[in-house]
Amino acid sequence: MPKKVLLKVENLTKTFGGLKAVSNVSFEVHQGVITALIGPNGSGKTTIFNLISGHLSPDKGQIYFAGQRIDGLPPHQIARLGIARTFQNIEIFGHLSVLENVLLAISPRLRPNLWETALRLPSFFSKEKKACKEALRYLKLLELDHLAHASAASLPFGLQRYLEIIRALATQPRLLLLDEAASGLDGSEKALLVQLIRQICAQGVTVLMVEHDMNLTMDLAQEIIVLDQGKKIAQGAPRKIQRDPKVIAVYLGSDHAAD
Ligand code: ADP
Ligand code: MG
């Protein structure tokens, strides 16, 4: 049976000044399929993520998530519909603890509301306890639970990336956008990340990732979309992409050759 389309991007265009950062790009992401968006630096990958997550509005084109049109909606509404993301330049609350960072992402249903908090009602303590338990369960996924009370800013770079991913997962998204989540990670950190992505995908979260590490991309992605200078130049299974002359030409001509 063909897989359901979760995300559909149609004729997406975004211009900055005179520069066409994204030019008439169309693609679909199917539910449960790990999809990668690749291309040389400046080819429009992050801009596409910003358009999907509502951090930018397209000049032209449409974006549909689970059949609903979402382009132009503000980021918090898109997040509420079930799209979570991480940023190429990590965005965490450095002054808060690791645990507090995750607690903020946990569904408001699980967190005590304003009244419960202000009046310290019994439900405040039970909800707080539940939310902490849930946050710790997420931290365990990437072995960060023992650092729950450390300040987020004190974590080494790789673990800050992990924290950002965990925070995105704690919102219980249907679609997770990872922007260069493996960059700056060492070999064993990358291996754990790959394992986690497979695991969450098996649990029903669809992953769309931007990745520079070609080995990791070819290993993990089931579908690859290739961009060059804002345009889509290829799409298909990893094996097909690896042999595509247009893709090879782009990578041989860039600093990020598929080595
Ligand atoms: P990638 O993530 O593939 O490296 P980006 O989407 O970040 O590429 O950038 C695509 C192009 O758009 C680049 O030339 C970049 O300099 C430009 N660009 C991205 N964001 C902005 C912005 N906010 N203002 C102006 N130019 C931008
Ligand atoms: Mg980028």
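Scroll up for the structure.
Residues numbered from 1 in each chain as written. Chains lettered and ligands numbered in written order. Predicted model: local features only at pLDDT ≥ 70, side-chain atom pairs only at ≥ 80, totals over all residues. Heavy atoms only, no water.

A.B. asks: Just to check I follow, could you spell out the pairing of strand β9 (residues 223-228) for this structure?
C.D. replies: For a regular strand, side chains alternate in direction, first toward one face of the sheet and then toward the other. One ladder, built from four bridges, connects strand β3 (residues 35-38) with β9; its direction is parallel. Bridge pairing links Thr35 to Glu223 in β9. Pairing of β9 with strand β10 (residues 231-236), which is carried by five bridges, proceeds in the antiparallel orientation. Along β10, the bridge assignment pairs Leu227 with Lys232. If you look at the hairpin formed by β9 and β10, you'll find two residues sitting between the two strands, and Gln229 has a positive phi there, around 50°. (Pairing = 2+ DSSP bridges. Helix = DSSP H or I, 4+ residues; strand = E, 2+ residues; numbered from the N terminus.)

A.B. asks: What exactly am I supposed to notice about the site of ligand 1 here?
C.D. replies: Around ligand 1 sit Phe16, Leu19, Ala21, Pro40, Asn41, Gly42, Ser43, Gly44, Lys45, Thr46 and Thr47, and that is every residue in its neighbourhood. In the model, an oxygen atom of ligand 1 is placed 2.7 Å from a nitrogen or oxygen of the Gly42 main chain. In the model, an oxygen atom of ligand 1 is placed 2.8 Å from a nitrogen or oxygen of the Lys45 side chain. The residue inventory of the shell around ligand 1, partitioned by class, reads four nonpolar, six polar and one charged. (Near = heavy atom within 4 Å. Polar contact = N/O pair within 3.5 Å; in protein donor to acceptor, adjacent residues only side chain to side chain. Nonpolar A, V, L, I, M, F, W, Y, C, P; charged D, E, K, R; others polar.)

A.B. asks: What's the story with unusual backbone geometry in this structure? I'm lost.
C.D. replies: Trans peptide bonds make up the majority, and among non-glycine residues the majority have a negative phi. Even without being glycine, Glu143 reaches a positive phi, approximately 55°. Residue placement: Glu143 occurs in the loop between α5 (122-141) and α6 (157-170). Residue classification places Glu143 among the exposed residues on the basis of a relative accessible area of 51%. At Gln229, a position not held by glycine, the phi torsion is positive, near 50°. Among the structural elements, Gln229 can be located in the loop between β9 and β10. (Buried < 20%, exposed > 50% of the residue type's maximum accessible area, 1.4 Å probe, protein only.)

A.B. asks: It is not clear to me how the coordination of the magnesium ion (ligand 2) should be interpreted in this structure. Could you clarify?
C.D. replies: By definition of the ideal shapes, a tetrahedral metal site with four donors has angles of 109.5 degrees and an octahedral site with six donors has angles of 90 or 180 degrees. Within the protein, Thr46 (OG1) and Gln88 (OE1) serve as the donor atoms for the magnesium ion (ligand 2), at 2.1 to 2.2 Å. Taken together, the residues Thr46 in helix α1 (residues 45-53) and Gln88 in the loop between β6 (83-85) and α3 (98-105) connect sequence positions 42 residues apart. The class of Thr46 is partly exposed, set by a relative accessible area of 26%. Under the relative-accessibility criterion, Gln88 is labelled partly exposed at 30%. (Donors = N, O, S within 2.8 Å, 3.2 Å for Na, K, Ca; no water.)

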